[in-house]
Amino acid sequence: MSAEQVSSLCEQLVKAVTVIMDPASTQRYRLEALKFCEEFKEKCPICVPCGLKLAEKTQTAIVRHFGLQILEHVVKFRWNNMPRLEKVYLKNNVMGLISSGTQSILEEESHIKDVLSRIVVEMIKREWPQHWPDMLKELDTLSKQGETQTELVMFILLRLAEDVVTFQTLPTQRRRDIQQTLTQNMEKIFSFLLTALQQNVNKYRRMVGAPQEQEALTTLQKTDVGQEPKAQANCRVGMAALNTLAGYIDWVALSHITADNCKLLEMLCLLLNEPELQIGAAECLLIAVSRKGKLEDRKPLMVLFGDVAMHYILSAAQTADGGGLVEKHYVFLKRLCQVLCALGSQLCALVGSDSDVEMPPNFGKYLDSFLAFTTHPSQFLRSSTQITWGALFRHEVLSRDPLLLAMIPKYLRASMTNLVKVGFPSKSDSPSCEYSRFDFDSDEDFNAFFNSFRAQQGEVMRMACRLDPRTGFQMAGEWLKYQLTAPVDTGPMNSKTGEGLCSVFSPSFVQWDAMTFFSESVISQMFRTLDKDEIPVNDGIDLLQLVLNFETKDPLILSCVLTNVSALFPFVTYRPEYLPQVLAKLFASVTFEVIEESKFVMSVQAPRTRAVKNVRRHACSSIIKMCRDYPQLVLPNFEMLYNHVKQLLSNELLLTQMEKCALMEALVLISNQFKDYERQKAFLEELLAPVAGLWLSPEMQRVLSDPEAFISYVGADNKIADPVLEDPSGLNRSRISFCVYTILGVVKRARWPAATEEAKAGGFLLGYMPSGTPIYRNPCTEQILKLLDNLLALIRTHNNLYTPEMVARLGETFAKALDMLEVEKNAILGLPQPLLELYDSPVYKTVLERMQGFFCTLYDNCFHILGNAGPSMQQDFYTVEGLATQLLSSAFINLNNIPDYRLRPMLRVFVKPLVLSCPSEYYETLVCPMLGPLFTYLHVRLSQKWQVINQRSMLCEDDTADDNPESQEMLEEQLVRLLTREVMDLITVCCVSKKGVEHNTTAAVDGDDDEAMATEVTPPASAELTELGKCLMKQEDVCTALLITAYTSLCWKDTLSCQRTTTQLCWPLLKQVLPGNLLPDAVSWFFTSVLKGLQIHGQHDGCMAALVHLAFQIYEALRPRYAELKAVMEQVPDIQRDSLEQFDSKLLNPTLQKVADKRRKDHFKRLIAGCIGKSLGEQFRKEVHIRNLPSLFKKLELRPLICPHCLPNDCSALRLTSEKRPAPTSLQPPFSCRYQ
């Protein structure tokens, strides 16, 4: 085309770009302009001249950027079909743009520089080194023209390293060719980068003045006005050089980083004191010091512990921290802190290893500087140092160093400050707050971070106290004494609990909270570290007495006091006479109220705040813990303890049902120490007598058996006028709760002696199984089994409450009584609870919430009892007559109406423990009759739920879409996901045994979705069916339900569940039925299900790899018997038929030598690539095709360099040699006419 046509087309393009970028354009015009531009890029044959014309300096920046985009598009998508001369023409013109087609370094827009460097890199990826051998020389020549060109060359080198090494965005052979050539030329590249950096920094410093000569380096006040632009240009090149170095330091050979006596590291340390370049220098230094590799290669990095390097690092830190909080300086401080952490890691790796690295002379200076970061006001900087402190304290050699041992008291002193929870971004009560506003978006974010930081500190403090336990204990004692005598400061925010009481933000409470955590950490470690006779018993007992004598009416402080009592309790093992005082303190706290009189006048309606509830619960759990961990110590005081509990239980309103049960659990734990079956049985009978009397009474039997009577009894059919204060049936609910809590406590805690001889002597041993396993009897069995029928009746009634008729009978106030609690919803949706509400809100604000809490807790506890009954009563429970039928007619009745949030805990706390603890003798009579119908039902239920979700997502119109994360649909969908995981986990637990792998009962279910990105894909070789699994698979209906559930779940939109099922369950189940005669349709369905799963989950690497492996296993195992699988494969989109035939022929012909497993799998993966799903961002992306160039080197051939017949007689000793020669190629380098 002529120049006029190019100009005419360019005018149209300029107009189009102007319309696109003009905010005043209408949507219609903008779309038309966009369409014109895109069609031009795709179809126009004169893109190159048009792009070059638009990229001229005379155009506006927006138009120039568009012109360069056109050129980039040509290189990416048309390069393979361009004539050689056109490629040369484009390449020369692009290099010409770098040479003279851009504005000066300070004037040119960064996006123009970026796209220009991208174009060059795209050409390099397609032609270098084979067809463009002089590329590096050309870039070197360009860089000599000035700062503008040097910066662009830096951008090109950085982008090239990122594409080839970091992101690996090109085919394997091209990547290998380019990386290999880069590596061969790395010495030149590094020399170029260091020279450019050094020259430009020197020029910049000469014009600006050395940092030591200037008080403020952020401006160029002392520079001549005429030299300012020149200095800034040099500075800009220096920044570019540092950024480019950062892209290479991570992967080049360490020898380049440490060459010339660590010249690079020396330069980087010098630049730490150059304000404009210090962040880039710190980034490079961090990457260098963080390098892994052979220890021998890393030894030169120890030069950074030398006097000069350490001086520059520390002086830079002091300067950056001296001018107050400036964001730029704060970012630099974070990088320096990371550098020191990485240095510590290198030191830990090198000292004490085979590399003979001695302790650096400046180790003390390093520790002092590191401690300075640990005591910095920024909570983020403090937390950044913890892992390195832990590594130092744990190190075999360094932990014995006197300098580090001397640092322990200083570290512990710093921790005492760091444990105080201050620094909330919304507040201004600490220097940390200002820094937190840079690091955290909200108080909730800070709170989550601080809890993690505190746990980390606890670990490191324990490691420090392992080296010096007495110092830690002494500090804890001093701090505890100070807090006991310090006046209470509630601060500006009073608690809602009462006037003059602390809130979670009160200065006194945050100090108490920190001190408590500190003392708990160091005291527990001291008991683990010191020998028994070295324990400072007198000091410990003195502290315990001070704590026991301390009185407070503040619930938050009292909770801390109780923790300190527990922490100091091990000292009582040396002085048992103090036990009654400890018990008295704990029992007083069990009945704690803010207002004393309310103990006597309180009605059950008055809601306590969470802080008060926590104190009472804390006291109960402390008593349980004491009885569990020190039963022999408490046993002599059993009668006193029992009488005290009986006295508390006599007042029905004094304790909540959970508190009563906790105290009874403590008694049961001590009774286990009787080691006398008859005595313990008599005690448990006495303990359970009030419960049995209430539970087995005719009225209670009627209430528990009839849903209508039950609703009326608990008051759920009432209409309440005052929903906060009025609750006439509260006492009835508390009686049911008391019975259920008590039954659960006894079932959980009553046990026989662990030692067989003691069990035999005490009358607990009944005999032995044929396998030799002892058979024990539990002293609680007789009493609990009496109560079992009514418990099952209650479960049946509770399940029937969800029928539409019963829901309709709920009173107006309680219409939502069976709904989820808000706290449950928030947990499922991942919504944080406001910080203050955790302690200051009443536990249940209204009678409706109390009713919801009652139903929720009752349901869970009933199933906890059944889940614990098997391990507790063993054969006495499993042999209950008709147990399977009774469970089916109670726990599994009316499941259709049971919501997902109630079904989940039933599976987790009842079915799974029952199955795991059941001996194989009872599989046929109990487990199989129960699990068969359950698995069949669960498959139907989940299939229906997922069908609804899939239809909803397909039919989601604008008017029905709801972006609110708290919406009901969102909640329901998340519940279906969690239920799916629960069900698949249950099936896996029942059917598959994995050696060395424990089944996680909670975390495995509610785990993060990110886990699905894991790449551990091959199922363990030891994954086999359990005895129960084999038993279930023998029953045709159960076998069908299990297989269909497992393989259908691969298509449900829950990646985590899909990956677990694929790796753990699918193949072992299918392998069990392979010896039989499977229907061809069934085999095709299994295989198709896996391919559908790939379609849905293929975008996730871990899931995709697992599904490909499973599909490969199925095809390889079943294709020889079922030709139908080939028909399924032929339906895979874009499958290559000849490649499929080749794969099949090798698979079906046993005489052929088998290809390696990995190559067969890779071949199979290529065959099914058409059905592997992609993320939305990948689905419509235009493919970039980069062709491989001729190989850089031919394979080695042994051939004579000289013809042996032509050798002279005296050269007979010469041997034939081989030579590595470049492969001859007929392709001429298209870039041989290099730009001059």
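Residues numbered from 1 in each chain as written. Predicted model: local features only at pLDDT ≥ 70, side-chain atom pairs only at ≥ 80, totals over all residues. Heavy atoms only, no water.

Peer 1: Sorry if this is basic, but what is going on with the overall build of the protein here?
Peer 2: The helix and strand inventory of the protein stands at 58 helices and 4 strands. Counting all 1236 residues of the protein, 53% fall into the buried class. A fraction of 76% describes how many contacts in the protein between residues 6 or more apart in sequence connect residues 24 or more apart. Carbon and sulfur atoms make up 52% of the accessible area of the protein, which amounts to about 56,500 Å² in all. (Helix = DSSP H or I, 4+ residues; strand = E, 2+ residues; numbered from the N terminus. Buried < 20%, exposed > 50% of the residue type's maximum accessible area, 1.4 Å probe, protein only. Contact = heavy atoms within 4.5 Å. Areas by Shrake-Rupley, 256 points an atom, 1.4 Å probe, with all protein chains shown as cover.)

Peer 1: Is there a simple way to explain the confidence of the model for the protein in this structure?
Peer 2: For residues with low pLDDT, the predicted coordinates do not support detailed interpretation. Chain-level statistics for the protein give a pLDDT mean of 87 and a share of 88% at 70 or above. Of the regions scoring below 50 in pLDDT, residues 212-222 engages in 19 contacts with residues more than four places distant in sequence or in other chains. Residue range residues 957-963 is modelled with pLDDT below 50. Its contacts to residues more than four positions away, or to other chains, number 3 contacts. (pLDDT = per-residue confidence, 0-100.)

Peer 1: Where do I start with the packing of aromatic side chains in this structure?
Peer 2: The relation between two aromatic rings is expressed through the spacing of the ring centres and the mutual angle of the planes. For the coordinates displayed, the defined rule picks out 45 aromatic pairs. Taking the centre distance of 5.5 Å and the plane angle of 40 degrees together, the rings of Trp512 and Phe550 count as tilted. With Trp512 in helix H25 (residues 507-529) and Phe550 in the loop between helix H26 (537-549) and helix H27 (555-568), this pair connects stretches of sequence that are 38 residues apart. In terms of burial, Trp512 and Phe550 fall into one category: buried. Ring centres of Tyr642 and Phe683 lie 5.2 Å apart, and the angle between their planes is 75 degrees; on these two criteria the pair is classed as edge-to-face. With Tyr642 in helix H32 (residues 638-650) and Phe683 in helix H34 (residues 677-695), the pair connects residues that are 41 residues apart, well separated along the chain. Taken individually, Tyr642 and Phe683 each receive the classification buried, so the pair is uniform in this respect. Each member of the aromatic cluster is reached from another via a ring pair, and the members are Phe305, Phe363, Tyr366, Phe370, Trp389, Phe393 and Tyr411. The ring of Trp752 has Arg751 lying over it, and the distance from NZ or CZ to the ring centre is 5.9 Å. A cation over an aromatic ring shows up here: Arg777 above the ring of Tyr677, its NZ or CZ 3.6 Å from the ring centre. (Phe/Tyr/Trp six-rings, centres within 6.5 Å; stacked < 30°, edge-to-face > 60°. Lys NZ or Arg CZ within 6 Å of the ring centre and 35° of its normal.)

Peer 1: Whenever I open this one, the environment of Val612 confuses me. Can you help?
Peer 2: Tracing the backbone shows Val612 in helix H30 (residues 610-629). The exposure class assigned to Val612 is buried, which follows from its relative accessible area of 4%. Each C-alpha atom, one on Val612 and one on Val594, is 7.4 Å from the other, the two residues being 18 residues apart in sequence.

Peer 1: For this particular structure, what's the right way to read the pattern of salt bridges?
Peer 2: Any two side chains of opposite charge can pair, given that their charged atoms come close. On inspection of all chains with the given rule, the structure shows 47 salt bridges. Among the salt bridges present, the one from Lys1182 reaches Glu42, with a minimum N-O distance of 2.6 Å. On the criterion of sequence distance, the pair formed by Lys1182 in the segment after helix H58 (1176-1179) and Glu42 in helix H2 (residues 27-43) is long-range, its members being 1140 residues apart. Residue Lys1182 is classed as partly exposed on the basis of its relative accessible area, which comes to 38%. According to the relative accessible area criterion, Glu42 is partly exposed, its value standing at 37%. (Salt bridge = Lys/Arg side-chain N within 4 Å of Asp/Glu carboxyl O.)

Peer 1: Looking at this model, I keep getting lost on helix H3 (residues 47-54). Mind explaining?
Peer 2: Residue pairs three or four apart in sequence face the same way in an α-helix, which turns once every 3.6 residues. H3 sits mainly inside the fold: 6 of its 8 residues count as buried. For H3, the set of buried residues is Cys47, Val48, Cys50, Gly51, Leu52 and Leu54. Buried residues along H3 sit in contact with helix H1 (3-21), H2, helix H4 (61-78) and helix H5 (84-100).

Peer 1: Just to check I follow, could you spell out the pairing of strand S1 (residues 765-768) for this structure?
Peer 2: On a regular strand, each side chain points to the face opposite its neighbour's, so the side chains alternate between the two faces of the sheet. As paired strands, S1 and strand S2 (residues 774-776) are joined by 3 bridges and run antiparallel to one another. Bridging from a neighbouring strand, Leu765 pairs with Tyr776 of S2. In sequence, S1 turns back onto S2 through a hairpin of 5 residues, with Gly772 there showing a positive phi of about 100 degrees. (Pairing = 2+ DSSP bridges.)

Peer 1: I'm lost on the side chain of Ser559 in this one. Help?
Peer 2: Mapped onto the elements, Ser559 comes out in helix H27. Apart from the residues within four sequence positions on either side, Ser559 is in contact with Val615 and His618.

Peer 1: Looking at this structure, I do not really get the side chain of Ser697. What am I missing?
Peer 2: Along the polypeptide, Ser697 turns up in the loop between H34 and helix H35 (698-705). Among the residues examined, Ser697 registers a relative accessible area of 18% and is labelled buried. At a separation of 2.8 Å, a polar atom in the side chain of Ser697 contacts the main-chain carbonyl oxygen of Leu694. (Polar contact = N/O pair within 3.5 Å; in protein donor to acceptor, adjacent residues only side chain to side chain.)

Peer 1: Where do I start with unusual backbone geometry in this structure?
Peer 2: Trans is the prevailing form of peptide bonds, just as negative phi is the prevailing case for residues other than glycine. Looking along the chain, the bond that leaves Trp128 and enters Pro129 is cis, with omega of 0 degrees. Its place among the elements puts Pro129 in the loop between helix H6 (110-127) and helix H7 (135-143). Residues other than glycine seldom take positive phi values, yet Asn261 does so here, at roughly 55 degrees. Structurally, the position occupied by Asn261 is in helix H13 (residues 259-271).

Peer 1: Got a minute to help me understand the environment of Thr573 in this structure?
Peer 2: Tracing the backbone through its elements, the reader meets Thr573 in the loop between H27 and helix H28 (579-590). A C-alpha to C-alpha distance of 9.8 Å links Thr573 and Gln632, two positions 59 residues apart in sequence. Ignoring anything within four residues of it in the chain, the contact list for Thr573 reads Tyr630 and Leu633. A distance of 2.4 Å separates the side chain of Thr573 from the backbone oxygen of Pro570, its partner in a polar contact.

Peer 1: Just checking my understanding: could you explain the packing of helix H18 (residues 363-374) against helix H21 (residues 402-418) for this structure?
Peer 2: A packed helix pair is summarised by two numbers, namely the angle formed by the two axes and the spacing between the axes. One can describe the packing of H18 onto H21 by two numbers: an axis separation of 10 Å at closest approach and a directional angle of 5 degrees. Taken as axis vectors, H18 and H21 run roughly parallel relative to one another. Packed against H18, whose contacting residues are Phe363, Gly364, Leu367, Asp368, Leu371 and Thr374, the element H21 presents Leu403, Leu404, Met407, Lys410, Tyr411, Ala414 and Asn418 at the interface. (Axes fitted to C-alpha atoms, helices over the stretch in contact; angles between N-to-C directions. Parallel < 35°, antiparallel > 145°, perpendicular 65-115°, else oblique.)

Peer 1: Just to check I follow, could you spell out the environment of Arg1166 for this structure?
Peer 2: Within the secondary structure, Arg1166 is located in helix H57 (residues 1157-1167). Residue Arg1166 is classed as exposed on the basis of its relative accessible area, which comes to 58%. Residues Arg1166 and Leu1140, 26 residues apart in the sequence, show an inter-C-alpha distance of 9.8 Å.

Peer 1: How do you make sense of the packing of H3 against H4 when you look at a structure like this?
Peer 2: Running from N to C, H3 and H4 point in directions that differ by 150 degrees, and their axes come no closer than 7 Å. As judged from the angle between their axes, H3 and H4 are roughly antiparallel. When you trace H3 past H4, the crossing you get is left-handed. Side by side, H3 and H4 meet where Cys47, Val48, Gly51, Leu52 and Leu54 of the first sit next to Val63, Arg64, Phe66, Gly67, Ile70, Leu71, Val74 and Arg78 of the second. Residues that form the contact of H3 with H4 fall into these classes: 9 nonpolar, 2 polar and 2 charged. (Left-handed = near helix turned anticlockwise from the far one by under 90°. Nonpolar A, V, L, I, M, F, W, Y, C, P; charged D, E, K, R; others polar.)

Peer 1: Just checking my understanding: could you explain the state of the cysteines for this structure?
Peer 2: By definition, a disulfide is the covalent link that joins the sulfur atoms of two cysteine residues. In total, this model carries 0 disulfides according to the counting rule given. Here Cys341 is not cross-linked by a disulfide; its sulfur's nearest cysteine counterpart is in Cys337, at 4.3 Å. You can call Cys341 buried: its relative accessible area is 12%. (Disulfide = S-S within 2.5 Å.)

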